[in-house]
Amino acid sequence: MNPSHQFESRNYPVYIGPEAWDTLNSYFGSFNYSKVFVLVDENTRKLCLSLAVRKVPLLANVKVLSIKSGEQAKTVENCNKLWRMLMQGGADTRSVLINLGGGVISDMGGFVAATFKRGIAFVNIPTTLLAQVDASVGSKVGVDFDGIKNQIGLFADPQAVFILPEFLSTLPQRHLLSGYAEMMKHAIIGDSDFWSVILSQGFEPKDGWEDLIGQSVGIKQKVVKFDPFEQGLRKVLNFGHTIGHGVESYSLLHDINPMLHGEAVAIGMICEAFISCKLCGLPEEELIQIVEFINMHFALQPLSSEAAIEVLEIIKHDKKSENGKCRMTLLPHIGKAIINQECTQDLIIDSLHFYVNSFDLVGLTC
Ligand SMILES: NC(=O)c1ccc[n+]([C@@H]2O[C@H](COP(=O)([O-])OP(=O)(O)OC[C@H]3O[C@@H](n4cnc5c(N)ncnc54)[C@H](O)[C@@H]3O)[C@@H](O)[C@H]2O)c1
Ligand SMILES: [Zn+2]
């Protein structure tokens, strides 16, 4: 396996690319698990499980745990069901749970495994781009509670992560783009050369996704290794997420067809790049580059002035703003991010207006 595509994370390896199938086969050959369980949702059961079974024959005879798809399924109630299914299936402390799905599956499956009998082994096989570059690596697991995302959870390491880009062939374009936003974020905060690669390749990489996923995971892993429990540096990964979360929550409350996480993060990155230009010296041409690229690839919707005010209220509530200011991660230039930067509420509103005006780039200035 190409060594640049294999990372030792906190305590677990991440394998990327088709060779990961062989590694997965030998992985199961070398461990003496008492029982193997696979967690899927209704889509990954239909679209991913048969490929996984074809490539890893051992999976043909394991117990499949299935839940409905989507964020609404990431609940404690579903964890209850899964813990019960594990018990009824005879899981013990030497069993393993394989999470075959997107971020909902790796978040919830990781949480279920990490808490069952004080923790059983779990392995992630992420099947969305978002899970491949973000959710399946980094060891944060958990579920939503009382309508608040990721309210219950913990840090827990998978035994290993196997990233097979071929799963992406069935992923709807909108979900592919949602993951692409996180990949762009990794480049913007951590590696200007990678950003240039993204700019030059666009959304349809001619050599497939493997290299881009490898570089993206590499940036996240470097940050996580340095600050596994988000005491400081790891907050660089929050670029685009302060305003992004506000926009996402607003959309979940008001839209019939709510934005996906990555779509909201794309808007958040435009806004926070604008604020970076105002407060941290992000060069205007880099701001324009980010805005232009996002608007070229994402079909984002404008926000009304009333919506902008409600988004600000959500951010204030979310971030417990001090003296009318919020802290966020900003950019002095593409490839570098700095955490805990204070930003006024007025500037957040200005940034949302900037976003709305960014659809017409002519004459746009920071
Ligand atoms: N733990 C972390 O560090 C972290 C980081 C980022 C996001 N997340 C979490 O990840 C979740 C979002 O992840 P997501 O976007 O993967 O969501 P998801 O798991 O809901 O997957 C999106 C949709 O794609 C479907 N799907 C999955 N794989 C497919 C495939 N190969 N072909 C066709 N359809 C497929 C799913 O069934 C679902 O309908 C959120 O809950 C978020 O909080 C966690
Ligand atoms: Zn995110």
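This report concerns the structure included in the present document. (Residues numbered from 1 in each chain as written. Chains lettered and ligands numbered in written order. Predicted model: local features only at pLDDT ≥ 70, side-chain atom pairs only at ≥ 80, totals over all residues. Heavy atoms only, no water.)

## As for helix α8 (residues 192–201)
Then, in step 1: Among the residues of α8, those classed as buried are Phe194, Trp195 and Ile198. Burial along α8 is one-sided: seen end-on, the buried residues are contained in an arc of 105°. Facing away from the buried side of α8 by over 90 degrees, the exposed positions are Asp193 and Ser200.
Then, in step 2: Against α7 (173–190), α9 (210–226) and α12 (284–297) lie the buried residues of α8.
Then, in step 3: A side-chain oxygen of the first residue of α8 lies 3.0 Å from the backbone nitrogen of Asp193; this N-cap is Asp191. (Buried < 20%, exposed > 50% of the residue type's maximum accessible area, 1.4 Å probe, protein only. Helix = DSSP H or I, 4+ residues; strand = E, 2+ residues; numbered from the N terminus. Arc of directions from axis to C-beta. Contact = heavy atoms within 4.5 Å. Polar contact = N/O pair within 3.5 Å; in protein donor to acceptor, adjacent residues only side chain to side chain.)

## Let's talk about the site of ligand 1
Then, in step 1: The full set close to ligand 1 counts 26 residues, and Asp41, Glu71, Thr127, Thr128 and Thr170 are the nearest of them.
Then, in step 2: Within the side chain of Thr128, one N or O atom sits 2.6 Å away from an oxygen atom of ligand 1.
Then, in step 3: Lys140 places a polar main-chain atom, nitrogen or oxygen, 2.9 Å from a nitrogen atom of ligand 1.
Then, in step 4: In isolation ligand 1 offers 870 Å² of accessible surface; the protein chains occlude 90% of this area.
Then, in step 5: When contributions to the shell around ligand 1 are tallied by element, the ones reaching two or more residues are α2 (42–47), α5 (103–115), α6 (129–135) and β8 (148–155).
Then, in step 6: For the shell around ligand 1, a count of residues per class yields eight nonpolar, 10 polar and eight charged. (Near = heavy atom within 4 Å. Areas by Shrake-Rupley, 256 points an atom, 1.4 Å probe, with all protein chains shown as cover. Nonpolar A, V, L, I, M, F, W, Y, C, P; charged D, E, K, R; others polar.)

## Let's talk about unusual backbone geometry
Outside of glycine, negative phi angles account for most residues, and trans bonds account for most peptide bonds.
Then, in step 1: Positive phi outside glycine occurs at Lys117, with the angle close to 50°.
Then, in step 2: If you trace the backbone, Lys117 turns up in the loop between α5 and β6 (121–126).
Then, in step 3: Of note, Arg118 is a non-glycine position whose phi angle comes to about 60°, a positive value.

## So, empty space enclosed by the protein
Then, in step 1: For the coordinates displayed, the defined rule picks out one cavity of 30 Å³ or more.
Then, in step 2: Together, Ser106, Asp107, Phe122, Asn124, Ala135, Ser136, Ser139, Lys140, Val141, Ala156 and Pro158 line the largest cavity.
Then, in step 3: For the lining of the largest cavity, the secondary-structure elements that each account for two or more residues are α5, β6 and β7 (140–145).
Then, in step 4: Considered class by class, the residues forming the lining of the largest cavity number five nonpolar, four polar and two charged. (1 Å grid on protein atoms, 1.4 Å probe; cavity = no way out; pocket = protein on both sides within 12 Å on 5 of 7 lines; lining within 4 Å. Points joined across faces, edges and corners; volume = space filled by probe spheres on them.)

## A look at the layout of surface pockets
Then, in step 1: Each pocket or cavity is described by its volume, and for the second largest pocket that value is around 300 Å³.
Then, in step 2: Arg174, Met259, Glu263, Ala299 and Gln301 are, among the 17 residues lining the second largest pocket, the residues nearest its centre.
Then, in step 3: Broken down by secondary-structure element, the contributors of at least two residues to the lining of the second largest pocket are α7 and α10 (241–254).
Then, in step 4: Looking at the lining of the second largest pocket element by element, the count peaks at three residues for α10.

## Looking at the side chain of His261
Then, in step 1: Among the secondary structure elements, His261 is positioned in helix α11 (residues 261–279).
Then, in step 2: Judged by relative accessible area, His261 falls into the buried class, the value being 18%.
Then, in step 3: Here the side chain of His261 touches Glu182 through a polar contact of 2.9 Å, side chain to side chain.
Then, in step 4: Discounting residues that sit within four places of it in the chain, His261 has contacts with Leu130, Lys149, Ser178, Glu182, His241, His245 and Glu248.

## Concerning the packing of aromatic side chains
Then, in step 1: Counted under the stated rule, the structure contains 17 aromatic pairs.
Then, in step 2: Seen from their ring centres, Tyr15 and Phe162 are 5.2 Å apart, and the 20° between their planes marks the pair as stacked. Highlighted residues: Tyr15 in strand β2 (residues 13–16) and Phe162 in strand β9 (residues 160–163), separated in sequence by 147 residues. Pair check on accessibility: Tyr15 and Phe162 agree, each one buried.
Then, in step 3: Both rings, one in Phe274 and one in Phe354, keep their centres 4.6 Å apart while their planes meet at 25°; by these two values the pair is stacked. Residue Phe274 is located in helix α11, and its partner Phe354 is located in helix α14 (residues 345–357); the two are separated by 80 residues in the primary sequence.
Then, in step 4: Residue Phe354 is classed as buried on the basis of its relative accessible area of 5%.
Then, in step 5: Taken together, Tyr15, Tyr27, Phe28, Phe31, Tyr33 and Phe162 form an aromatic cluster joined through their ring pairs. (Phe/Tyr/Trp six-rings, centres within 6.5 Å; stacked < 30°, edge-to-face > 60°.)

## Side note on the packing of helix α4 (residues 76–88) against α5
Then, in step 1: One way to put it is that α4 packs onto α5 with a least axis distance of 10 Å and a crossing angle of 55°. Looking at the two axes, α4 sits oblique to α5. Between α4 and α5 lies a crossing of right-handed hand. Where α4 abuts α5, its residues Asn78, Cys79, Leu82, Trp83 and Leu86 lie against Met108, Phe111, Val112 and Thr115.
Then, in step 2: Its residues assigned to classes, the contact of α4 with α5 shows seven nonpolar, two polar and no charged. (Axes fitted to C-alpha atoms, helices over the stretch in contact; angles between N-to-C directions. Parallel < 35°, antiparallel > 145°, perpendicular 65-115°, else oblique. Left-handed = near helix turned anticlockwise from the far one by under 90°.)

## What about the pattern of salt bridges?
Then, in step 1: Taken as a whole and assessed by the stated rule, the structure comprises 12 salt bridges.
Then, in step 2: Two residues, Lys74 and Glu71, come together in a salt bridge whose shortest N-O distance is 3.7 Å.
Then, in step 3: For Lys74, a relative accessible area of 3% gives the class buried.
Then, in step 4: Notably, a salt bridge pairs Lys149 with Glu248, separated by 3.8 Å at the nearest N-O pair. Placement of the pair is Lys149 in strand β8 and Glu248 in helix α10, with a sequence separation of 99 residues.
Then, in step 5: In this structure Lys149 comes out as partly exposed when scored by relative accessible area, which is 30%.
Then, in step 6: Residue class for Glu248 comes out buried when judged on its relative accessible area of 7%. (Salt bridge = Lys/Arg side-chain N within 4 Å of Asp/Glu carboxyl O.)

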